[in-house]
Amino acid sequence: GAEALCHSSLAASLRHPDPSHAQRFYENMGLASELCKSMLHPSEVAAMLKLKYGGYIPKTMASRGMSLDQLQGRDFCYGMLNKVSRSFALVIQQLPFELRDPICIFYLVLRGLDTVEDDMKIDMKQKAPLLQNFHEIIEKDGWNIKGIGDTKDYILLMEQFDKVIAEYKKLKPGYKAAIKDITKKMGKGMCDFAEKMGVDSLEEWDLYCHYVAGLVGHGLSALFSASGLEEKSLAKELDISNTMGLFLQKTNIIRDYLEDLEEGRIFWPKAVWSKYAKHLSQFADKPDDKVSLAALNELVTNALAHIPGCLKYMRMIQNPMNFRFCAIPQVMAIATLAEVYNNTNVFKGVVKIRKGLSCKIILETNDFSSVRDAFRYFLNKIKDKIPKDDPNAPKTLERVKTALRLLGPSTGSGICATYTNAMLLAGTVASSYYLYMQF
């Protein structure tokens, strides 16, 4: 069983005690744990193995053993992207080659801006000018800064940010203009919120999410249009571009309640949580209380209101590769909302969907039909979990039903398909065991 696999891998690591083997051992142990979580979902196990061993994950110079701080140009940017967001590094591979570099640089520029905002060690006298002028900083050859960042990867990004700037300057003028415009707007918005201790009203919550995520949607639409792979008019679809970002950001904020609380960050809107508690931390003190769950469920219900706009946006995307890039995070978000809804574990730790399910979503989100089936499946999961005595139950049910009507009937395939073939399960388990014995 899993224990035998662990002992086998440990023995191998002791026979070959070099750093690269030890690193691979710990990575494999993590994969073993995720495979065990998905053993009752054989299609997820198959998806994990296919994604890991099927050539879907590109090899960067960093992944081949080269030190990230020694890399230059595109190699540094893609190696850094893999460090600061493995999930985005994988999703970006869904894009047409024309858009990969612009969107990689776009992400790293905004990650640099976000690193400045998140570093609580910086006082506002230093932070405000950085946030407000970051759109000009990305035009300065050789610019970098030391001592900023709350992880070693973010510190390295900022210390070698000149490499990101060098690649930004190689982009086509249309791409650079879009990136600079969004960086300017986001920096201003972040500065406006930097000294606040949280968000108060739901309108303010929407505004904050607009600055940190909705503007990303604006930028992506502008980049898509500039590439010529989508209609020029897409760049003008600001409302639904914003909605795509808000849906993702609100999902993350809801899920990350405890992590943010422990870091001293408050992103749950006071207008909601103050209905149920005097202090936001009370939910962590009483995670199983119905009042705690009512606050959580109200925020999930708020996020569900963005689904119609997200569906409208995805229907407008014409290029199949652009579609996958946009749709995969949206399906991940609705899957996460289905997981966190009415779930006391949100107040005890970070709730995430199974890695196997994530892999399945990445592999099977190919067109609007697969998106429709996935959304229908996860919305029905939420519907089945709605407590009758929840104060927001009627509104939650209404929003679920509205989204289901927009989706239309299920095709009965894709992500939500259920596999019950015993031979498939046996074969998947056997292949998993074989692969682990090779580690």
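Calculation notes
Every residue gets a number counted from 1 within its own chain, in the order that chain's sequence is written. Residues qualify for local features only when their pLDDT is at least 70, as the model is predicted, and side-chain atom pairs are given and counted only at 80 or more; totals for whole chains, interfaces and linings, by contrast, use all residues. The side-chain figures draw on all heavy atoms in the structure; neither hydrogens nor water molecules are used. For the purposes of this entry, the term helix denotes a DSSP run of H or I that reaches at least four residues, the term strand denotes a run of E that reaches at least two, and both are numbered from the N terminus. Under the scheme applied here, a residue whose accessible area is under 20% of the maximum for its type counts as buried, over 50% as exposed, and between as partly exposed, the area being computed with a 1.4 Å probe on protein chains only. In this description, contact between two residues means that some pair of their heavy atoms is separated by no more than 4.5 Å. Here a polar contact is recorded for every N or O atom pair within 3.5 Å, except that within protein the pair must consist of a potential hydrogen donor and a potential acceptor, and residues adjacent in sequence are included only if both atoms are side-chain atoms. Excluding any residue in a salt bridge, patches collect residues exceeding 30% relative accessible area, merging like charges within 9 Å and nonpolar Val, Leu, Ile, Met, Phe, Trp and Tyr side chains within 5 Å. Using the Shrake-Rupley algorithm and a 1.4 Å probe, accessible areas are obtained, with residue cover drawn only from the displayed protein chains. The salt bridge criterion pairs a side-chain nitrogen of Lys or Arg with a carboxyl oxygen of Asp or Glu, the two atoms within 4 Å. Here Asp and Glu are counted as negative and Lys and Arg as positive; His is not counted, and neither are the chain ends. A charged residue contributes its charge at one atom only: NZ of Lys, CZ of Arg, CG of Asp or CD of Glu. pLDDT is a residue-level measure of predictor confidence that goes from 0 to 100. Here the nonpolar core consists of buried residues drawn from Ala, Val, Leu, Ile, Met, Phe, Trp, Tyr and Cys, with membership extended through side-chain atoms lying within 4.5 Å. Fitted lines through C-alpha atoms serve as axes, helices being fitted only where they are in contact, and the angles separating the N-to-C directions of these axes extend from 0 to 180 degrees. Roughly parallel means an angle under 35 degrees; roughly antiparallel means over 145; roughly perpendicular covers 65 to 115; every other angle is labelled oblique. For any pair of crossing helices, the crossing counts as left-handed if the nearer helix is rotated counterclockwise from the farther one by less than a right angle, and right-handed if it is rotated clockwise. Between the rings of Phe, Tyr and Trp (Trp by its six-membered ring), a pair exists once the centres lie within 6.5 Å; its type follows the angle of the planes, with under 30 degrees stacked, over 60 edge-to-face, and the other angles tilted. The span expected for a helix works out to 1.5 Å for each residue beyond the first.

Attention now moves to the overall build of the protein. Counting its secondary structure elements, the protein contains 22 helices and 0 strands. Relative to its 439 residues, the protein shows a buried fraction of 53%. Considering only contacts in the protein between residues 6 or more positions apart, those separated by 24 or more positions represent 73%.

This part is about unusual backbone geometry. Positive phi, normally seen in glycine, also occurs at N342, with a value near 55°. Residue placement: N342 occurs in the loop between helix 18 (320-340) and helix 19 (355-364).

Bringing the side chain of N242 into the picture now. On the secondary structure map, N242 appears in helix 12 (residues 238-255). Judged by relative accessible area, N242 falls into the buried class, the value being 16%. Filtering out sequence-adjacent residues up to four positions away, N242 remains in contact with H210, G214, L215 and H218.

The next thing to look at is the environment of D288. Inspection of the secondary structure assignment puts D288 in the loop between helix 15 (282-285) and helix 16 (290-304). Residue class for D288 comes out exposed when judged on its relative accessible area of 53%. Each C-alpha atom, one on D288 and one on F347, is 8.5 Å from the other, the two residues being 59 residues apart in sequence. Other than its neighbours up to four places away in sequence, D288 contacts T344 and K348. At a separation of 3.3 Å, a polar atom in the side chain of D288 contacts the side chain of K348.

All right, on to a positive patch on the surface then. A contiguous patch of positive charge, built from K83, R86, K152, K352 and K355, is present on the exposed surface. As for its position among the elements, K352 is in the loop between helix 18 and helix 19. Overall, K352 belongs to the exposed group, its relative accessible area being 60%.

A separate point is the confidence of the model for the protein. Summing up the model confidence of the protein, the mean pLDDT is 85 and the portion of residues at 70 or higher is 79%. Here residues 1-29 scores under 50 on pLDDT; set against residues more than four positions off or in separate chains, the count is 21 contacts.

Another point: the pattern of salt bridges. The final tally for this structure, using the stated rule, is 18 salt bridges. In this structure, R255 and D256 form a salt bridge, with 2.8 Å as the shortest nitrogen-oxygen distance. According to the relative accessible area criterion, R255 is buried, its value standing at 19%. One network of salt bridges, in which partners are shared, links E136, E139 and K180.

Once that is clear, we can look at the nonpolar core. Considering soluble globular proteins, one finds that nonpolar side chains tend to be buried as a cluster. Core analysis: the biggest nonpolar cluster contains 128 residues, and F224 and W268 have the highest contact counts within it. The greatest single-element share of this core, amounting to 13 residues, is contributed by helix 18. For F224, the contacting residues outside a window of four places in its chain are L95, L99, I103, L229, E230, L234, Y313, I317, N322, F325 and C326.

Relative to each other, helix 17 (residues 307-316) and helix 18 sit at 160°, their axes nearing to 10 Å. The orientation of helix 17 relative to helix 18 falls into the category roughly antiparallel. Note that helix 17 runs across helix 18; the crossing there is left-handed. Across from I307, C310, Y313 and M314 in helix 17, the residues of helix 18 making contact are F323, C326, A327, Q330 and I334.

Now for the packing of aromatic side chains. For the structure on display, the rule yields 17 aromatic pairs. Aromatic pair Y257 and W268: ring centres 4.9 Å apart, planes at 50°, arrangement tilted. Of this pair, Y257 sits in helix 13 (residues 257-262) while W268 sits in the loop between helix 13 and helix 14 (270-273), placing them 11 residues apart in sequence. Residue classification places Y257 among the buried residues on the basis of a relative accessible area of 2%. By relative accessible area, which is 3% here, W268 ends up buried. When the ring of Y377 is compared with that of F378, the centres are 5.0 Å apart and the planes differ by 70°; the resulting orientation is edge-to-face. Three or more aromatic residues joined by ring pairs make a cluster, and in this case those are F88, Y107, F224 and F325.

Looking now at helix 12. For helix 12, with 18 residues, the first-to-last C-alpha span of 26 Å sits near the 26 Å given by 1.5 Å per residue. Most of helix 12 is tucked away, with 14 of its 18 residues classed as buried.

A word on the environment of S225. Relative to the helices and strands, S225 is located in helix 11 (residues 202-227). With a relative accessible area of 4%, S225 lands in the buried category. Here the alpha-carbon distance between S225 and K236, two residues 11 residues apart in the chain, equals 9.5 Å. Other than its neighbours up to four places away in sequence, S225 contacts E230, E231, K232, L234 and A235.

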